[in-house]
Every structure is written in C-alpha cells, then in structure tokens.
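The chain contents come next:
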Amino acid sequence: MFLASNVYRTDSTAGQSSKEVKGKTHTYYQVLIDSRDCPHISQRSQTEAVTFLANHDDNRALYAIPGLDYVSHDDVLPYSSADQHPIHHELFDRFLLCDPEKVPPFVPRETLRAWQEKNHPWLELSDVHRETTENIRVTVIPFYMGVREAQNSHVYWWRYCIRLENLGNEVVQLRERHWRIFSLTGTLETVRGRGVVGREPVLSREQPAFQYSSHVSLQASSGHMWGTFRFERPDGTHFDVRIPPFSLESNKDEKAPPTGYTW
C-alpha cells in the first residue's frame, strides 16, 4: 500500500428512512496487487487495473495501470514482513526503498512523489457509495476516464468499480442486473441482462465478496446511474438489492493522461 487518500462516501441501508444520508470522510488506500495472488483471485472478473483514455487522435488507445486497486481502511489486515521485496509488482521497487532502520521499513522514492503529483487527477477518489439490502452490501466507486470526439459530437467515458459483499450466512447467487442511466441531455436508458461481465457469482461465507469493473459512455458531460441486482436464494426465491445512485461527473479541465503505461 503506498498512498492513502480521504474520500467521501454515501452509506445507507434499505428499509430505513429514505432521508438523504450525509457523506462522511473515510480513508481509502491505493494498493498494489501482488502478482503471486493473481492466479488465486477467483472472485473477481479480472485482476484490477486503473484505466484512462489516451489524449490523442487514436480513439482506441487506452492507458492502464495494472494491478492497482483501492481498499477501505476498515478492510485492511495488519501485516509485516522482513522481506525486502514483500510485494511482487513492477512498480514496487520503482516507488519504494527498503530502509531497515525505519518503521515501517519502506520509504517513498522521489519517483513515487513525482508520479503521484503528475497523475493525481486520474487516481484520486472523489466519491464512494455504499448501500446494504438484506445483508448484501453494494459498493460503487466511479472514475472519470476522459472524452472522445466521434461524428462531430463529444462522448464522455467513465469506469465504475462494483464490489458485492454477503454480510450474512445464507448462500446467494447473482442472477440479473437492471441499470438506469440518465444523461444530462435528458435521455434515460434502461439496461437489463443476466449476471455481470458474463458471470453469475455465488456469495457464501467462504467466498463472501465479488468485485468487477465496467465502463459507461454518455454524450453529455455528466449524468447519473442507479439500479438493482437480482439475487437467488437456495430455495429458488429471488430478491432485489439496490445499487446506490451515483453521479457521473467529468473533469472541468482536461489533463494529459498518465504516461509510461499503455495497453
């Protein structure tokens, strides 16, 4: 873990008062995923990566920082290691220097500070949204990716990360998704389908969480998304879990995307 940032989140629970819940400040960390763990990550649609649109004429170009994720302070388990290379990731040695006389024994290099300063607009979290329905907690983290010009109009792109957590003891399986996407242009789109990203994950006590990322585009600089996930119980009955509403906001000032990572 190499960068902590305070973010605002909306946290509410279905069944309680519908009154708006005020945002609270919580600590999230940018973390590096150890490459040795990647083959064992079965409850994700893919190894996490932060993506951005390239800022030039090649509309297909996509920048990616692989193996980078965001973790809440509440989900961190303390861990220490005497290994000078405790995390296997290409950025670890570039960003951190081992100094056994310090606690913790890793100090940031100047390359990390420079990289953070240059890419801060693309990496900083602004909002984290959470909502719990019948012991299923849904967390949404949206990221603005950039804008593209297509057929004399501008298309704005966002990435959103979804984390599903089963806080109860009952085994459930996600069967359907139902999205509502509102654009500032006044259009309202409905999206329905089986599962998410081609999967219908089972959430149990042994594997209580599933995380995936997807993308959405609008022909407007802002909008909103909300919806439901339909889950199935072992007895065949179904229930809907609310996806907390979240805003899609673009950066007012377009900045150059991160450099040095192309996909």
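Use the structure listed above.
Presented here is an overview of the structure given in this document.

Cut-off values and rules
Residues numbered from 1 in each chain as written. Predicted model: local features only at pLDDT ≥ 70, side-chain atom pairs only at ≥ 80, totals over all residues. Heavy atoms only, no water. Helix = DSSP H or I, 4+ residues; strand = E, 2+ residues; numbered from the N terminus. Buried < 20%, exposed > 50% of the residue type's maximum accessible area, 1.4 Å probe, protein only. Contact = heavy atoms within 4.5 Å. Areas by Shrake-Rupley, 256 points an atom, 1.4 Å probe, with all protein chains shown as cover. Core = buried A, V, L, I, M, F, W, Y, C linked by side-chain atoms within 4.5 Å. Pairing = 2+ DSSP bridges. Phe/Tyr/Trp six-rings, centres within 6.5 Å; stacked < 30°, edge-to-face > 60°.

The subject of this paragraph is the overall build of the protein chain. Tallying secondary structure elements over the protein chain gives two helices and 16 strands in all. Relative to its full complement of 263 residues, the protein chain shows a buried share of 43%. Put simply, 64% of the contacts in the protein chain that link residues at least 6 apart link residues at least 24 apart. Accessible area of the protein chain: about 14,900 Å², with a carbon and sulfur share of 48%.

Okay, unusual backbone geometry next. Of the consecutive residues Val103 and Pro104, the connecting peptide bond is found in the cis state with omega at -5 degrees. For Pro104, the position within the fold is in the loop between strand S6 (96–98) and strand S7 (106–108). A positive phi is found at Glu134, a non-glycine position, where the angle reads about 50 degrees. Position of Glu134 relative to the elements: it lies in the loop between strand S8 (127–133) and strand S9 (136–150).

The next point concerns the side chain of Gln173. Mapped onto the secondary structure, Gln173 falls in strand S11 (residues 172–183). Ignoring sequence-local partners within four residues, the contact set of Gln173 consists of Glu200, Pro201, Val202, Arg230, Phe231 and Glu232.

With 28 residues, the main nonpolar core has Val138, Ile162, Leu164, Trp179, Met225, Phe229 and Phe231 as its most contacted residues. Apart from the residues lying within four places of it in its own chain, the contact partners of Met225 are Tyr160, Trp179, Arg180, Ile181, Val216, Pro244, Pro245, Phe246 and Leu248. Membership of the second largest hydrophobic core comes to 18 residues, among which are Tyr28, Leu96, Phe106 and Ile141.

Turning our attention to the pairing of strand S14 (residues 209–218). With seven of its ten residues buried, S14 lies for the most part within the structure. Relative to S14, strand S10 (residues 153–166) is paired through ten bridges, and the arrangement is antiparallel. Bridging from a neighbouring strand, Arg159 pairs with His215 of S14.

With that settled, the discussion passes to the packing of aromatic side chains. Ring pairs (aromatic) are described by centroid distance and by the angle formed between their planes. For the structure on display, the rule yields eleven aromatic pairs. Seen in terms of ring centroids, Tyr70 and Phe143 are 5.3 Å apart; in terms of plane orientation they differ by 40 degrees. Their pairing is tilted. Of the two residues, Tyr70 is situated in strand S5 (residues 68–72) and Phe143 in strand S9; the sequence distance between them amounts to 73 residues. Here Tyr70 matches Phe143 in class, with each residue buried. Note on Phe231 and Phe239: the rings are 5.8 Å apart at their centroids and 20 degrees apart in plane angle, and the pair reads as stacked. Through successive ring pairs, a cluster of aromatic residues spans Tyr160, Trp179, Phe229 and Phe246.

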